[in-house]
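Residue-level listing of the chains:
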Amino acid sequence: MRKISKALNRIVVAALIALLTASLLPSLNVRAYDDISDIEPATSINLNHLGKLTVKHIDADEKLAPGVESKIYLVATVDEKGIYTITDDFKGFFEDLDFFNNGFNYDQWKECVVHTDEGNSNTGAMETYIKEKGIEAVASGTSDDNGETLYSNLTLGIYFVESGTYEKSDGFLHTFINFLYPVPILQKKDGQPLEINYHPTASPKKARTEIDVHCGIKKQWDDSSSNNRPATVSFRVYVDGVEAEWSPITLSSENDWQYNWTDKGNPKYTVEEINNPEGYRPEITLKQVGPHEFIYTCVNHYSGDNPPPPPDNPPPDNPPPDNPPPTNPPSNPPGFPGLPAVLGAVRALPQVLGARRLPQTGQLWWPLPILVIAGIFFIVKGIKKNAKIKAQNN
């Protein structure tokens with residue numbers, strides 16, 4: 001009888017293992033247990049063994065997703081028999097503290113983080129709880145070129161994995177479903193003994209949505225008065241070279257000379273002003289004011305406020321007088337007698353204080369003739385004295 005009971009217990013355990021699915025856990029062929037003490041051969045979890053978890057991000061196009069940020073939170077610890085205990089940080093989130101010891105009902109695990117009817121979006125309940133309680137992540141990281149983020153030296157238990165988004169140049173935003181995952185994971189393949197994997201790899205489910213692009217166009221005026229402005233102005237908007245269905249648009253003071261619209265994906269816009277106001281020159285510029293927000297600014301410059309362009313031959317800044325002085329004045333100005341070149345006397349006297357005269361240096365000129373005569377006298381006397389001395393020597 002005891003043998004039959006033992007055999008029946010083994011059949012029940014085998015049936016439970018066969019019914020276990022990986023609907024919550026990203027890996028395939030995953031098996032977990034409430035209590036592994038009765039499984040033969042005898043198996044237990046080594047609590048001295050630190051765990052590792054590799055989170056592999058693959059986007060909705062089945063391409064590796066590098067640069068994805070993620071965080072992990074320790075939700076529950078595990079003992080050597082595989083019994084889970086919710087951590088103090090998350091006890092307020094669960095009404096039943098034995099939530100994870102529920103007879104392999106992994107659908108119930110999934111219900112606390114994702115919408116069970118859709119399966120591809122988070123409820124946000126655990127994310128909100130983490131934010132409200134200010135719970136800090138055990139670790140955080142960014143996926144490498146292979147889309148992998150390795151978390152090591154982990155306490156054994158259940159982790160909540162929260163992933164960021166991944167934006168591609170095709171105009172799509174790739175998102176990842178946050179999930180719960182145990183470290184270690186208990187795995188059993190057909191015909192093989194129970195395996196305790198202390199370093200599992202998990203890939204979250206993924207989805208993608210088109211990016212919302214917010215655009216606007218506004219009118220500005222560059223003039224000194226609003227008297228010349230029209231009551232309205234109109235623009236045509238082209239999307240990828242084709243005029244938008246809602247184009248043209250009209251701006252006026254009633255809409256504050258501005259119009260905004262929202263699109264999806266990665267469209268290319270072209271904006272042009274039609275029926276440009278007379279006397280104004282339009283200038284359209286594009287500015288990115290956010291990750292997916294763009295503003296077209298059209299400034300209308302009023303040409304009437306601008307000075308006329310300079311002529312080809314502009315007049316000089318200092319025009320010449322009506323009677324300009326001659327370019328090459330004569331060496332002997334009219335009405336001023338020429339002076340003899342005596343002892344280097346100046347023939348063309350400089351103009352001093354508006355009159356042509358010798359420079360007033362403070363010298364007296366009346367002794368000059370006396371000095372000249374005296375000089376001639378001494379020269380003659382010297383010549384005679386030299387002649388007399390020469391005659392005596394002969």
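See the structure printed just above.
Numbering of residues starts from 1 in every chain and runs along the sequence as written. Selection of residues for local features in this predicted model requires a pLDDT of at least 70, selection of side-chain atom pairs for listing and counting requires 80 or more, and totals for whole chains, interfaces and linings are taken over all residues. Hydrogen atoms and water are omitted, and side-chain values are computed over all heavy atoms in the structure.

### Comments concerning the overall build of the chain
Working step 1: The helix and strand labels rest on DSSP assignments: H or I over at least four residues marks a helix, E over at least two residues marks a strand, and numbering proceeds from the N terminus. When its secondary structure is counted, the chain shows four helices and 23 strands.
Working step 2: Burial here depends on accessible area, computed with a 1.4 Å probe over protein chains only, as a share of the maximum for the residue type. Under 20% is buried, over 50% is exposed, and the range in between is partly exposed. Buried residues in the chain amount to 32% of all 394 residues.
Working step 3: The contact criterion used is simple: two residues touch if any of their non-hydrogen atoms lie within 4.5 Å. A sequence separation of at least 24 residues applies to 67% of the contacts in the chain between residues at least 6 apart.
Working step 4: Shrake-Rupley sampling with a 1.4 Å probe provides the accessible areas, and residues are treated as covered by the protein chains on show and by no other component. Looking at the chain as shown, the accessible area adds up to about 25,700 Å², and 52% of this sits on carbon and sulfur atoms.

### So, the nonpolar core
Working step 1: Nine residue types can take part in a nonpolar core, namely buried Ala, Val, Leu, Ile, Met, Phe, Trp, Tyr and Cys, and a core is a set of them joined through side-chain atoms within 4.5 Å. Ranked by size, the top nonpolar core spans 40 residues in total, and within it L53, F90, F94, F100, M126, F160 and L180 carry the most contacts.
Working step 2: Listing elements by their share of this core, those giving two or more residues are β1 (51-56), β2 (69-78), β3 (84-86), α3 (125-133), β5 (148-154), β6 (157-163) and β9 (179-183).
Working step 3: Here this core takes six residues from β2, the largest share from any one element.
Working step 4: Residues V213, V239, Y269 and V271 belong to the second largest nonpolar core, which totals 19 residues.

### Details of the environment of Y73
Working step 1: The residue Y73 is located in strand β2 in this model.
Working step 2: Looking at Y73, the relative accessible area reads 5%, which means it is buried.

### Observations concerning the packing of aromatic side chains
Working step 1: Ring geometry is summarised as follows: Phe, Tyr and Trp rings, the Trp one being its six-membered ring, pair when their centres sit within 6.5 Å, and such pairs are stacked at plane angles under 30 degrees, edge-to-face over 60 and tilted between the two. Per the counting criterion, the structure on display carries 16 aromatic pairs.
Working step 2: Geometrically, the ring pair formed by F93 and F94 is edge-to-face, given 5.0 Å between the ring centres and 80° between the ring planes.
Working step 3: Of the residues examined, F94 reaches a relative accessible area of 7% and is grouped as buried.
Working step 4: Measuring from centroid to centroid gives 5.6 Å for W261 and Y269, while their planes differ by 75°, and the two rings are edge-to-face. The exposure classification of W261 matches that of Y269, with both residues buried.
Working step 5: Through a chain of ring-to-ring contacts, three or more aromatic side chains come together here, namely F90, F93, F94, F99, F100 and Y129.
Working step 6: Any Lys NZ or Arg CZ found within 6 Å of a ring centre and within 35 degrees of that ring's normal is scored as a charge over the ring. In this arrangement the basic side chain of R208 is found over the ring face of F172, its NZ or CZ atom lying 4.1 Å from the centre.
Working step 7: One cation-aromatic arrangement involves K219 over W221; the distance from NZ or CZ to the ring centre is 5.3 Å.

### Remarks on the pairing of strand β8 (residues 172-176)
Working step 1: The alternating pattern of β8 places F172, H174 and F176 on a buried face, while none of L173 and T175, on the opposite face, is buried.
Working step 2: Here the rule is simple: two strands pair whenever DSSP picks up at least two bridges between them. Relative to β8, strand β7 (residues 166-167) is paired through two bridges, and the arrangement is antiparallel. Directly across from E167, in β8, lies its bridge partner L173.
Working step 3: Where β7 hands over to β8, the hairpin turn is made up of four residues, of which G171 adopts a positive phi near 90°.

### Considering the sheet that holds strand β13 (residues 206-210)
Working step 1: The sheet built from three strands is open, its strands ordered β7-β8-β13 with antiparallel pairing. Two strands bound the open sheet, and with one partner strand each, they are β7 and β13.

### Quick look at α3
Working step 1: Of all the residues in α3, the buried ones are M126, E127, Y129 and I130. With its buried residues spanning 160° around the axis, α3 presents them on a single face. α3 presents K131 and E132 as exposed residues on the side facing more than 90 degrees away from its buried surface.
Working step 2: Buried residues belonging to α3 abut β2, β6 and β9.
Working step 3: Two residues or fewer past α3, G134 is found with a positive phi of approximately 65°. Here the arc refers to the set of directions running from the helix axis out to each C-beta atom.

### Thoughts on a nonpolar patch on the surface
Working step 1: Each patch is built from salt-bridge-free residues with over 30% relative accessible area, joining like charges within 9 Å and nonpolar side chains (Val, Leu, Ile, Met, Phe, Trp, Tyr) within 5 Å. The salt bridge definition used is simple: a Lys or Arg side-chain nitrogen within 4 Å of an Asp or Glu carboxyl oxygen. On the surface, a nonpolar cluster with roughly 320 Å² of combined accessible area is contributed by L368, V372, I376 and V380.
Working step 2: Within the fold, V380 resides in helix α4 (residues 368-393).

### Topic: the sheet that holds β1
Working step 1: Strand order in this open sheet of three strands is β5-β1-β12, and the pairing throughout is mixed. Whereas interior strands pair on both sides, the edge strands pair on one side only; in this sheet they are β5 and β12 (201-202).

### Side note on the side chain of E127
Working step 1: Counting through the fold element by element, E127 comes out in helix α3.
Working step 2: Neither His nor the chain ends is counted toward charge; the positive residues are Lys and Arg and the negative residues Asp and Glu. There is no salt bridge for the buried E127, and the closest opposite charge comes from K131, which lies 11 Å off by N-O distance.
Working step 3: Look past the residues within four positions of E127 in its chain and what remains in contact with it is N122, F160, E162 and N178.

### Focus on the environment of S44
Working step 1: Note that S44 resides in the loop between α1 (2-19) and β1.
Working step 2: When the C-alpha positions of S44 and D79 are compared, they lie 8.8 Å apart, and in sequence the two are 35 residues distant.

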